[in-house]
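# Residue-level structure breakdown
Listed here are the chains, written in short residue letters.
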Amino acid sequence: MFRLILDELLATTAGSQAAMFLDWEGETVELACDHDLSDHELRIIGAYQGIFLSRLRELCAKVELGEPRRFKIELETKVVLSYDVKDGYYVVLLADRSFNEGLGWRRLENCRERLLAEM
C-alpha cells in the first residue's frame, strides 16, 4: 500500500521526480520514481534527510523550539522536501526547481496522512 501512496504523490505533483518513505535508521521502506534516477542514489539522499532531521530535532530540543515537522533543501537544479511522519519514519519528495512548492507541501502532507493511516 505504501507504494501506491507514493505513486499517487508523484502522479499528482507536477515536477516531482521521486518519493521515498523511510524508517528511523534511514532505511528505505518504499521508493517510487518517475524518472531515470538511480535507486541507490535516491536511497542515499533519503538516508541523509533522516540524518538532517535527527540533527534538527536535537537542535530544536536544545533551544526548546518544539518538534520540527518538515524541512526543505534547495539545490541548484532540485528541491528536496522532507516531512516527519511518526516514530522516526519520514517521507521525502524530490522535485525539479520548477515545481509549485506550496502544492508540493500540501500533497506531501496528504501523503503523510495516508501513510499514517496505513502504519
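Predicted model, so just to flag it, every value in this text is computed and none were measured.

## Looking at the pattern of salt bridges
Overall, the coordinates contain ten salt bridges when judged by the stated rule. Salt-bridge contacts for Asp84 lead to Arg57; the nearest nitrogen and oxygen are separated by 2.7 Å. A residue pair is termed long-range when its members are at least 10 positions apart, and Asp84 in strand β4 (residues 78-86) and Arg57 in helix α2 (residues 39-62) qualify at 27 residues. Residue classification places Asp84 among the buried residues on the basis of a relative accessible area of 16%. Taken together, the salt bridges that share partners define one network made up of Lys72, Glu74, Arg97 and Glu101.

## Quick notes on the side chain of Thr13
Here Thr13 lies in the loop between α1 (2-12) and β1 (16-22). Relative accessible area serves as the criterion here: at 2%, Thr13 is assigned to the buried category. Setting aside its immediate chain neighbours within four residues, Thr13 contacts Leu93, Phe99, Gly104 and Arg107.

## A closer look at unusual backbone geometry
Residue Glu64 is not a glycine yet carries a positive backbone phi of 55°. On the secondary structure map, Glu64 appears in the loop between α2 and β3 (70-74). Positive phi, normally seen in glycine, also occurs at Asp87, with a value near 50°. Along the chain, Asp87 falls in the loop between β4 and β5 (89-96). Classification of Asp87 as exposed rests on a relative accessible area of 61%.

## Let's talk about the nonpolar core
Judged by nonpolar contacts, the single largest core of 20 residues is most densely connected at Leu6, Leu81, Val91, Leu93, Leu108, Cys111 and Leu115. Excluding residues within four positions of it along the chain, Val91 makes contact with Leu6, Met20, Phe21, Leu81, Ser82, Tyr83, Val85, Leu108, Cys111 and Leu115. Counting eleven residues, the second-largest nonpolar core is a separate cluster that includes Leu31, Leu42, Leu53 and Phe71.

## Details of helix α3 (residues 101-118)
For α3, built from 18 residues, the straight-helix expectation of 26 Å at 1.5 Å per residue is met to within 8% by its first-to-last C-alpha distance of 26 Å. Considered for burial, the residues of α3 that qualify are Gly104, Trp105, Leu108, Cys111, Arg112 and Leu115. Along α3, the residues classed as buried sweep out an arc of 125° about the axis, all on the same side. Exposed and facing more than 90 degrees away from the buried side of α3 are Arg106 and Ala117. On its buried side, α3 packs onto α1, β1, β3, β4 and β5.

## What to know about the sheet that holds β3
On the basis of which strands lie adjacent, the open sheet formed by five strands has the order β2-β1-β5-β4-β3 and antiparallel pairing. Bordering the open sheet on either side are β2 (28-33) and β3, each of which pairs with just one other strand. Averaged over all pairs of adjacent strands, the angle between strand axes in this sheet comes to 15°, irrespective of strand direction. As defined by bridge partners, β1 adjoins β2 across five bridges and the pair is classed as antiparallel. Across the sheet, residue Leu22 finds its bridge partner in β2, namely Thr28. The strands that α3 touches are β1, β3, β4 and β5; relative to β4, the one it contacts most, it runs at about 30°.

How each quantity is defined
- Residues numbered from 1 in each chain as written.
- Predicted model: local features only at pLDDT ≥ 70, side-chain atom pairs only at ≥ 80, totals over all residues.
- Heavy atoms only, no water.
- Salt bridge = Lys/Arg side-chain N within 4 Å of Asp/Glu carboxyl O.
- Helix = DSSP H or I, 4+ residues; strand = E, 2+ residues; numbered from the N terminus.
- Buried < 20%, exposed > 50% of the residue type's maximum accessible area, 1.4 Å probe, protein only.
- Contact = heavy atoms within 4.5 Å.
- Core = buried A, V, L, I, M, F, W, Y, C linked by side-chain atoms within 4.5 Å.
- Expected span 1.5 Å × (residues − 1).
- Arc of directions from axis to C-beta.
- Pairing = 2+ DSSP bridges.
- Axes fitted to C-alpha atoms, helices over the stretch in contact; angles between N-to-C directions.

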